[in-house]
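Coordinates in review
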Amino acid sequence: DSLMNPVKVTRPEPVFVDERGSITDLINSTEPIHHIGRLVFTPGAVRANHYHKESDQYDFILEGEIELATKSLEEGAEVHTVILKPGDLVFIPRHIIHAYRAVKDSTVINVTSTSRAGMKYEEDTIRVDPLF
């Protein structure tokens, strides 16, 4: 199913634990990271309904619950949905339509491979008919 839906949801586990706590690797990438942001959602809030031409992105769910819908650009492609909970990490590659709907108050750390400074975000973002 990875060819049909290249979006990957994982729940990273600690790579090191001792009496002080733990260390969990979230992203180990050979690709550059140019943006880290914090998204705050109120219940029922919908975001995105777009795809990116150049940017890959990661979303790490800190708190709450988010429904994620994704779809490839292929004609007749199926919409995939998943509920994301705290500790989930999702990778959304470029050219994948995505939308979020908050089930409850939620906070997400968003990481992208291109800058979102100035108009760069809008230049890379293609709006589509809503998935939600």
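In this report, the structure presented in the accompanying data block is examined.

In this section: the pattern of salt bridges. Enumeration over the complete set of coordinates arrives at seven salt bridges. Note that Asp 56 is salt-bridged to Arg 94, the shortest N-O span being 2.9 Å. Residue Asp 56 is found in the loop between strand E5 (46–52) and strand E6 (57–72), and its partner Arg 94 is found in the loop between strand E8 (89–92) and strand E9 (96–112); the two are separated by 38 residues along the sequence. Given a relative accessible area of 30%, Arg 94 falls into the partly exposed group. Among the salt bridges present, the one from Lys 85 reaches Glu 65, with a minimum N-O distance of 4.0 Å.

What follows covers the nonpolar core. Core analysis: the biggest nonpolar cluster contains 12 residues, these being Val 7, Phe 41, Ile 61, Ile 66, Leu 68, Leu 84, Val 90, Ile 92, Ile 96, Tyr 100, Ala 102 and Val 108. Elements represented by at least two residues in this core include exactly E6, E8 and E9. Among all residues touching Leu 68, those that are not within four sequence positions of it are Val 7, His 80, Thr 81, Val 82, Leu 84, Val 90, Ile 92, His 98, Ala 99, Tyr 100 and Phe 132.

All right, on to the pairing of E6 then. Taken across its 16 residues, E6 has 13 buried, putting it largely inside the fold. In this sheet, E9 lies alongside E6 in antiparallel orientation, the contact comprising 14 bridges. Of the residues in E9, the one forming a bridge with Glu 67 is Arg 101. In the sheet, E6 pairs with strand E7 (residues 80–84) via five bridges, with the strands oriented antiparallel. Its bridge partner being in E7, Glu 67 is matched across the sheet by Ile 83.

Cut-offs applied
- Residues numbered from 1 in each chain as written.
- Predicted model: local features only at pLDDT ≥ 70, side-chain atom pairs only at ≥ 80, totals over all residues.
- Heavy atoms only, no water.
- Salt bridge = Lys/Arg side-chain N within 4 Å of Asp/Glu carboxyl O.
- Helix = DSSP H or I, 4+ residues; strand = E, 2+ residues; numbered from the N terminus.
- Buried < 20%, exposed > 50% of the residue type's maximum accessible area, 1.4 Å probe, protein only.
- Core = buried A, V, L, I, M, F, W, Y, C linked by side-chain atoms within 4.5 Å.
- Contact = heavy atoms within 4.5 Å.
- Pairing = 2+ DSSP bridges.

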